[in-house]
Amino acid sequence: MSKSWEQILGGYATNTLTEEEKRQLFAAALNDQTLFDVLADEEALRALLANPEARQRILDSLQASGNPQGMAAIHSPQLRWFRQPSSLAWAGSIAAMGLALIFGWQMEELWGPVVQEELQAERSLSEDKDTMATIAQSSRMETRKPPIREGQNKPQSKPAPVASMPAQSPVTEPPAIAKASKDRERMDEAPVAGFSKRAFRQMVKKEHLPKAKEPDIQGLESAMDQSFSQEYRLMTPSVGNMEKREEGFQQLPQAQTFADRMHRSDAPSSTGVRDLFFAEKGRQPEGEREAIGNRRASQLFGGMSSEKERVLEKQSLNLEMTQEAVPDDSELPTRGIRYSFVHGTSDGKDDAIDIEHFSGSWANLRLGITSNVTGYLYVLTDLENGKWKLMSPESQTGPRSSDGAINVKAYQPVTFPLNQLTNKFGKPAVSSVTILLSSTPISELGTWLGEERSQDQLTNRLHQPGNQGFWVMDPHPKPETPFRVDIPLGLAQE
Amino acid sequence: MGALTREEILCRLRERILAFATSRGVREGAEDLTQDVLMVLHEKYPHVTELTELVPLSFQILRYKMLDRHRKTLRHGEYNQESVDDHMLVDPGDDPAMQAEQNERVTHLIAAIQQLGERCQNLFRLKLEGHTFPEIQKILGERSINTIYTWDSRCRKQLLILMGGVWETLPLKGKGSVPNKETVG
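In this text, all values refer to a predicted model and were calculated from it rather than measured experimentally.

Draft legend 1. Structural context of the overall build of chain B. A count of helices and strands for chain B gives 8 helices and 0 strands. Ordered by position from N to C terminus, the α and β elements of chain B give α-α-α-α-α-α-α-α. Per-residue burial over chain B gives 23% buried out of 185 residues. In chain B, once contacts between residues fewer than 6 apart in sequence are set aside, the share between residues at least 24 apart is 62%.

Listed below in structure tokens is the structure:
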């Protein structure tokens, strides 16, 4: 019996074969004895199922025993779709993706905050390293400077909260602002979470610190943490307390003026006169001060709503106006003069010379004068008969007033050829050169050219000779009094 | 295979019926049994000429003839030595014994079907509802009808095993499948 015919035998007993199936089956049975025998045996079942009562009885039993819902489900096209292999493959893939998503979600739920904390700790660590490197660089630059700054810093060891804020250099200010902002975020989170994200972040940070293997930086980091925490307390009040914010704004660090430093130090050492001379360079112009003020305001207002920001901006403007209205002597610039004797070299450059040991012709020399403040410069020579003569500069670099004063700008050098002072032997024909520096043109020039005046000025000024010239400073400037410097020729020093 | 004539079909049927009867232990009466079947086909169903009608009809007649032969043998005491007076007269209709036998077979069949799997039960139900294999294929949503054939063949074999290997138990087998002519005779 062919297996193909055997497969349709079941339809014979139930009489559900199609005409074609019957024809093929019976034709095959006539030629195949085995198939014929099987069909003959099937006749008993066919006869049994041909009885309607028996057939209905079996059907009832099947429907009673079977799950009608299951039967209906099998007939439903949805479940029929599920029974197809391709459908099962799709369903399996979707189920796998769903499981992966659920697993990922649970992992994110469980470990996401931990991973984020670690990432933030790593970022914070890297930022701290950058900040520490910047601080270390700036500290190295500070150590290179003369000890006068150290002397100035000592009185600031126990400063008032406002004055204790170090004037941030332009290099270190952006990381400090970033660090302060970051610390403000941490402070904002701290009261909410108790032992929470910040504590955990610090724990993670501590775990990461030994891995850095940079002992110097770690030491600096601990110092910086203390500094930053203090800085944070001063600069970033809590978010919910507006009054503290205002206090924090008022406690914003102000750039120290030179007068502040001078008042805090009893007397600068002689080696710091040159620094004092150039300290006026540290004074920011008005526009720069405004920009820094804006940066401070933005630093303070970071994360605040625009309405609160506007209110505090207005308050800060009022505060600035109030501060400007208050007269402050410390705002007066500290006047200073640098002068040197230069000799023109063959390649066109100027070479400073030591006038004490100079034996050549003075006619080839020039007197270079530089003021650290903008003002009117008078360079005169004493003709020793009560007459004074204004020296002419080598090149007219600025406007000159009617009385012969040269309107100089800060740190703008003015050179005077000494050939106008020498005799035919190349030696100076006058005993000294007097320099007057005033913020305004001097109406009565003769009143400031007496010997007594010069002595009075000499008692108060700071003087420092150097290889590159002489620096003379007026530590207590008075706006109504011009700054006088006498340069004795022949000795070229006081 | 081309279309067979009625004579050709009957000729082949004779061979198959004779072989079948011989294999079922009819022995000497196999020829007579075959002849009886063919006589019925020739005399009562001369109008049936189609293969799809003639072959199942021959199966049906063959089954009846075999059952009659078994009953006749039983009446003649070939299986059991009994007095003829003890037997009742033959009722031309369905006697209660046959009805009881059929009920018993149905019960047996239901019990066997209940032991089948869900798929086989579903297949059997669909067939009892009159669905052909192509219809069942559509109902079950199978792409190939061979899948339905395979499932049905397996289910049929499983059901046959559960039924004891035969669809019908001959009524005489219960008391004695071995004739006792020698004992009687």
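Draft legend 2. Highlighting the overall build of chain A. Scanning chain A from terminus to terminus reveals 19 helices and 11 strands. When contacts within chain A are restricted to residue pairs at least 6 apart in sequence, long-range pairs at least 24 apart make up 71% of them.

Draft legend 3. Fine view of the nonpolar core. One finds L25, F26, A29, L30 and L39 of chain A together with V55 and L62 of chain B to be the most contacted residues of the largest nonpolar core, which totals 49 residues. Residue contributions to this core peak at 7 residues, all from helix α3 (residues 51-75) of chain B. In this structure L62 of chain B touches A40 of chain A together with I17 and V37 of chain B, once residues within four positions along its chain are discounted. Ranked by size, the runner-up nonpolar core spans 37 residues in total, among them A405, V433, F470 and V472 of chain A.

Draft legend 4. Structural context of the interface of chain B and chain A. With 43 residues of chain B at the interface, the matching set in chain A holds 45 residues. Put simply, the parts of the chain that give the side of chain B that touches chain A at least two residues each are α1 (6-23), α3, α4 (96-114), α5 (118-128), α6 (133-140) and α7 (145-162) of chain B. Of the residues that constitute the side of chain B that touches chain A, the class distribution is 21 nonpolar, 13 polar and 9 charged.

Draft legend 5. Just the pairing of strand β8 (residues 432-438) of chain A, in detail. All names here are of chain A. Buried residues dominate β8, accounting for 6 of its 7 residues. As judged from the 6 bridges shared by strand β4 (residues 375-382) and β8, these two strands associate in the antiparallel manner. When the sheet's bridge partners are listed, Y378 is paired in β8 with L436.

Draft legend 6. Here's a closer look at the packing of helix α5 (residues 52-65) of chain A against α4 of chain B. Where α5 of chain A meets α4 of chain B, the closest approach of the two axes is 10 Å, and the angle between their N-to-C directions is 25 degrees. Classified by the interaxial angle, the pair formed by α5 of chain A and α4 of chain B is roughly parallel. In the crossing of α5 of chain A with α4 of chain B, the sense of the turn from one axis to the other is right-handed. Between α5 of chain A and α4 of chain B, the residues in contact are A54, R57, I58, S61, L62 and S65 of chain A and Q102, V106, L109, I110, I113 and Q114 of chain B, respectively. For the contact of α5 of chain A with α4 of chain B, a count of residues per class yields 7 nonpolar, 4 polar and 1 charged.

Draft legend 7. Quick peek at α5 of chain A. Residues and elements named next belong to chain A. For α5, spanning 14 residues, the distance from its first C-alpha to its last is 20 Å, which sits close to the expected 20 Å at 1.5 Å a residue. Among all positions in α5, only A54, I58 and L62 are buried. Considered in projection along α5, the buried side chains sweep an arc of 75 degrees and stay on one side of the axis. Every exposed residue of α5 that faces more than 90 degrees away from the buried side is listed here: P52, E53, Q56, D60 and A64.

Draft legend 8. Region of interest: the environment of L436 of chain A. With respect to the helices and strands, L436 of chain A occurs in strand β8. Put simply, L436 of chain A and T481 of chain A are 45 residues apart on the chain and 9.8 Å apart in space, counted from C-alpha to C-alpha.

Draft legend 9. Seen up close, α4 of chain B. Residues and elements named next belong to chain B. Relative to the 27 Å expected for 19 residues at 1.5 Å per residue, α4 spans 27 Å between its end C-alpha atoms, a close match to the ideal helical length. Listed as buried for α4 are R105, L109 and I113. All buried residues of α4 fall inside an arc of 70 degrees around its axis, so they share one side. Exposed side of α4, more than 90 degrees from the buried face: P96, A97, A100, E104 and A111 are the residues found there.

Draft legend 10. Representation of unusual backbone geometry. Residues and elements named next belong to chain A. The phi dihedral of N15 is positive, around 60 degrees, even though this residue is not glycine. Looking at the element boundaries, N15 is found in the loop between α2 (10-13) and α3 (19-31). Assessed through the 16 C-beta atoms surrounding it within 10 Å, N15 is described here as partly exposed. Of note in the backbone geometry, Y411 takes a positive phi value of approximately 60 degrees without being a glycine. Following the sequence through the fold, Y411 ends up in the loop between β6 (406-408) and β7 (414-417).

Draft legend 11. The packing of α1 of chain B against helix α2 (residues 30-44) of chain B, seen in detail. Residues and elements named next belong to chain B. Between α1 and α2, whose axes approach to 9 Å, the crossing angle comes to 145 degrees. As α1 packs across α2, the resulting crossing turns out to be right-handed. The residues of α2 that touch α1, namely those facing L10, R14, I17, L18, A21 and T22, are A30, E31, L33, T34, V37, L38 and L41. Each residue belonging to the contact of α1 with α2 can be placed in one class, and the counts come to 9 nonpolar, 2 polar and 2 charged.

Draft legend 12. Geometry of the pairing of strand β10 (residues 469-474) of chain A. All names here are of chain A. Burial of β10 is extensive: 5 of the 6 residues sit out of reach of the surface. Examined bridge by bridge, strand β1 (residues 335-344) and β10 share 5 bridges and lie antiparallel to one another. Pairing of R338 across the sheet is with W471, part of β10.

Draft legend 13. Seen up close, the confidence of the model for chain A. Residues and elements named next belong to chain A. Confidence in the prediction for chain A averages 67 pLDDT; 51% of positions are at 70 or higher. Note that residues 148-180 has pLDDT below 50 and, in this model, 48 contacts with residues that lie over four places away or in other chains. Note that pLDDT drops below 50 for residues 208-270; the model gives that stretch 95 contacts with residues more than four away or on any other chain.

Reading the values: rules and limits
- Residues numbered from 1 in each chain as written.
- Chains lettered and ligands numbered in written order.
- Predicted model: local features only at pLDDT ≥ 70, side-chain atom pairs only at ≥ 80, totals over all residues.
- Helix = DSSP H or I, 4+ residues; strand = E, 2+ residues; numbered from the N terminus.
- Buried ≥ 20, exposed ≤ 12 C-beta atoms within 10 Å, placed from the backbone.
- Contact = placed C-beta atoms within 7 Å.
- Core = buried A, V, L, I, M, F, W, Y, C linked by C-beta atoms within 7 Å.
- Nonpolar A, V, L, I, M, F, W, Y, C, P; charged D, E, K, R; others polar.
- Pairing = 2+ DSSP bridges.
- Axes fitted to C-alpha atoms, helices over the stretch in contact; angles between N-to-C directions.
- Parallel < 35°, antiparallel > 145°, perpendicular 65-115°, else oblique.
- Left-handed = near helix turned anticlockwise from the far one by under 90°.
- Expected span 1.5 Å × (residues − 1).
- Arc of directions from axis to C-beta.
- pLDDT = per-residue confidence, 0-100.

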